[in-house]
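Chain by chain, the residues run as shown.
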Amino acid sequence: MDLLALTAAESHLKLNLHQFPKAHKVSIKEPNIKIDEVIGMRQLFKQFFFMATCLAATVTAEETISDKATGKSFPIDVSYSIQGKEYQLNATGVSTRTKFFVKVYSVAHYIQEGADINKNNVFSQLFNDALAKQLSFVWVRDIDSKTHQDGYIDTFKKVFTPAQQQAMQPQIDQFIGFFDQNMKVNDHQVIRWAPGGIIQVEINGVKKGEIVSTDFAKAVWNIWLGAKSVVNRNQLISLITK
């Protein structure tokens, strides 16, 4: 190819290149969010969070029962499993144990959910072996194990006749042996009565032992729910009789 032909070819190529469209720049616009809108959204979120917190606090409050004399609170519902059977229980009331005008512990009582119980049959049902029950304690005073055990010895003398006490002495001794540790403020104690006359004792989440005797179970419940209760038994059934 001669020089004249090469020059003509270059001119033709440049002309064709000018016919291609120019590349367009792509611009991305930032969202047009104003500062006051952001602040408003934050305030709305804070209000929502506050309302949710208040609701949770209300629910929590409704799920406890408190002893006004001591300020101690108990869950309104409890559950436990014995011999493979699960029991759901509802609170019936709460009371305070005092000795010489000194507050010793708060106690709450529970009975099996769905029990046919009302103000007319309450005390017969509280001693019905077919219904699961529980007594929960929170201590508000320190007490040594000997004083604790001596208290039960004196109480059983009031609950049993001499003949009954003699017949039940092995169970009494076993029960008293469960309370072999000093109790301190805010310690927790649980006594359960499951169908079949099963009595279980638990202190601070540790199971201390079990006794199987319906007659003995009724005697134990007599301490707090009997005619000579060591607490105000009407307070322990206040949620049923109100």
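Everything that follows concerns the structure shown earlier in this document.
Read on for an overview of the structure. All residue numbers refer to position in the chain's written sequence, counted from 1. Whole-chain, interface and lining totals are the exception, using all residues; otherwise, since this is a predicted model, local features are given only for residues with pLDDT of at least 70 and side-chain atom pairs are given and counted only at 80 or more. Side-chain numbers come from the whole structure's heavy atoms, not from hydrogens or water.

1. A word on the packing of helix H4 (residues 145–159) against helix H5 (residues 162–177)
Our working rule: Helix axes use the C-alpha atoms of the stretch in contact, all axes being lines fitted to C-alpha atoms, and the angles between their N-to-C directions lie in the range 0 to 180 degrees. Put simply, DSSP H or I for four residues or longer makes a helix, DSSP E for two residues or longer makes a strand, and each gets a number counted from the N terminus. Oblique is the label for any angle not covered by the other classes, which are roughly parallel (under 35 degrees), roughly antiparallel (over 145) and roughly perpendicular (65 to 115). Helix crossings fall into two classes, left-handed where the near helix is turned counterclockwise from the far one by less than a right angle and right-handed where it is turned clockwise. Residues count as neighbours in contact if any of their non-hydrogen atoms are within 4.5 Å of one another. In this classification, Asp, Glu, Lys and Arg are treated as charged, Ala, Val, Leu, Ile, Met, Phe, Trp, Tyr, Cys and Pro as nonpolar, and every other residue, Gly included, as polar.
Where H4 contacts H5, the two axes come as close as 11 Å, and the packing angle between them is 155°. One element, H4, and the other, H5, form an angle in the roughly antiparallel class. The two elements H4 and H5 meet at a crossing, and its hand is right-handed. For the pair formed by H4 and H5, the contact residues are Gln149, Tyr152, Ile153, Phe156, Lys157 and Val159 on the first element and Gln164, Gln165, Ile172, Phe175, Ile176 and Gly177 on the second. In the contact of H4 with H5, the residues fall into seven nonpolar, four polar and one charged.

2. A closer look at the packing of H4 against helix H6 (residues 214–225)
Two elements in contact, H4 and H6, have axes separated by 10 Å at closest approach and are oriented at 105°. Relative to H6, H4 is oriented roughly perpendicular. Seen from H4, the contacting residues are Tyr152, Thr155, Phe156 and Val159; seen from H6, they are Phe216, Ala219, Val220, Asn222, Ile223 and Trp224. Of the residues contributing to the contact of H4 with H6, the split by class is eight nonpolar, two polar and no charged.

Functional significance is not addressed by these values, which are geometric in nature.
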